[in-house]
Amino acid sequence: MRVSRMIAVTLAGVAILAPAAACSSDDPAAPGNPAGAAGEPSVAPTPTPEPTHPFTGLPGAARRPVLAAKIENTSAGKPQLGLKSADVVYVEQVEAGLTRLMAIFSSKIPAKIGPVRSARISDLHIVPQFGRPAFAYSGAQTKMLPFIAEAPLFDVSDSRQPGAYFRQPGRFAPYNLFASTRKLLAGAPKASRAKDIGFTFGDAPEGGVPRKAYSVKYPAASFVFRWSEAAGRWLIWQDGKKDMAAEGGQLGAPTIVVQYTKTERSQFHDKNQSYTPLVHSTGKGRAIVLRDGQAFKARWSRPKEKDGTVFTTEAGEPMNFAPGQVWIVLASAKPVIP
């Protein structure tokens, strides 16, 4: 009797619901009713932008450890190996009015780099913005070694990580010292990974002036950056010759930043009594940013050594770089005389 009563109640419920279901299939759905939206095209969710690398603005780059390396930049050491893979390349004045490079690697790390040369005091003022990177170099003045020991970096020089270095056949000393990046980074397992250093990437701002070439002179070196529409970058000439890469092709970058700084004599000098310049990369000043075949007047600011360098337009807006490799040419309106 109890079971029969439950069945009766259930059947009654079905009888009540059935007409309601029949009516709902004939009536138009109210606005916002999911049943009415079934036949409408669904809106695809907005894709999340792929993260970009803080040094290049290119997508898909992992935050690998940072490797900074001092690279020879005279005719005796050319062509250099590995520069095409660098994220950022700094040009610094050294003794005798010549220049040397500091290459920053993270998003792409080539197997070998070189020629690796000695460190300078200006390097120690540049690297803190990268956290505590691995720093590859070959020797330094004895008086400078305590400064290197106190700097925020992992020393992977040829004296600290000798197994990472080798002599490249076909070259002569001291321009034949090259290094394995894998072995360099193995000596700095806690090296800082890439982070924001102040660069912004994106569309070019207004106010650019079309330029085919831009020149920068040091007391004993000169650079010309020429825009190549076909290559989509500024190709580099040094001392009147094409700056070629050991991997093949001419060196160049989508963005060249000529950062005008105060440069003066440091306390260090070489055996010929030629003083080492000290490049002041903190503070603020003016710059010329070359991108997309145009030159933009800009300002730079870096309050402290641990801060990145921020570049803005003259109006104070972000000075966007073109995605890709960036060359920072640390120049001086009045270069220090050796």
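A brief structural summary. (Residues numbered from 1 in each chain as written. Predicted model: local features only at pLDDT ≥ 70, side-chain atom pairs only at ≥ 80, totals over all residues. Heavy atoms only, no water.)

## Comments concerning unusual backbone geometry
Note the cut-off: Labels follow the DSSP assignment, with helices taken as runs of H or I lasting at least four residues and strands as runs of E lasting at least two, numbered in each case from the N terminus. For each residue, the accessible area found with a 1.4 Å probe, counting protein chains only, is set against the maximum for its type, and the residue is called buried under 20%, exposed over 50%, and partly exposed in between.
The omega angle of the peptide bond from Lys78 to Pro79 is 0 degrees, so this bond is cis rather than trans. Topologically, Pro79 is positioned in the loop between strand S1 (67–71) and strand S2 (88–93). Cis geometry marks the peptide bond from Gly114 to Pro115, where omega comes out at -5 degrees. Within the element layout of this structure, Pro115 appears in the loop between strand S4 (112–113) and helix H3 (121–126). Its identity as a non-glycine residue notwithstanding, Ala96 has a phi of 65 degrees, on the positive side. Here Ala96 shows up in the loop between S2 and strand S3 (99–105). Overall, the relative accessible area of 40% leaves Ala96 in the partly exposed class. Positioned with a positive phi, Asp292 is a non-glycine residue whose angle comes to about 55 degrees. Tracing the backbone through its elements, the reader meets Asp292 in the loop between strand S18 (283–291) and strand S19 (294–302).

## Brief notes about a positive patch on the surface
Definition in use: Patches were defined on residues exceeding 30% relative accessible area and lacking a salt bridge, with like-charge contacts within 9 Å and nonpolar side-chain contacts (Val, Leu, Ile, Met, Phe, Trp, Tyr) within 5 Å. Using the Shrake-Rupley algorithm and a 1.4 Å probe, accessible areas are obtained, with residue cover drawn only from the displayed protein chains. We define a salt bridge as a side-chain nitrogen of Lys or Arg found within 4 Å of a carboxyl oxygen belonging to Asp or Glu. Charge convention: Lys and Arg are scored as positive, Asp and Glu as negative, and His as well as the terminal groups of each chain are ignored. A charged residue contributes its charge at one atom only: NZ of Lys, CZ of Arg, CG of Asp or CD of Glu.
Together, Lys284, Arg286, Lys297 and Arg299 make up a positively charged patch on the protein surface. Breaking the positive patch down by element, the ones donating at least two residues are S18 and S19. We classify Lys284 as exposed; its relative accessible area is 71%.

## Here we look at the environment of Arg167
Note the cut-off: Note on definitions: a residue-residue contact is assigned when non-hydrogen atoms from the two residues lie within 4.5 Å. Polar contact is the term for a pair of N or O atoms within 3.5 Å; when the atoms are in protein, one must be able to donate a hydrogen and the other to accept it, and sequence-neighboring residues count only if both atoms are side-chain atoms.
Within the fold, Arg167 resides in strand S7 (residues 165–167). Not counting residues up to four positions away in its chain, the partners in contact with Arg167 are Ala173, Asn176 and Leu177. Among the polar contacts listed, one links the side chain of Arg167 to the side chain of Asn176, at a separation of 2.7 Å.

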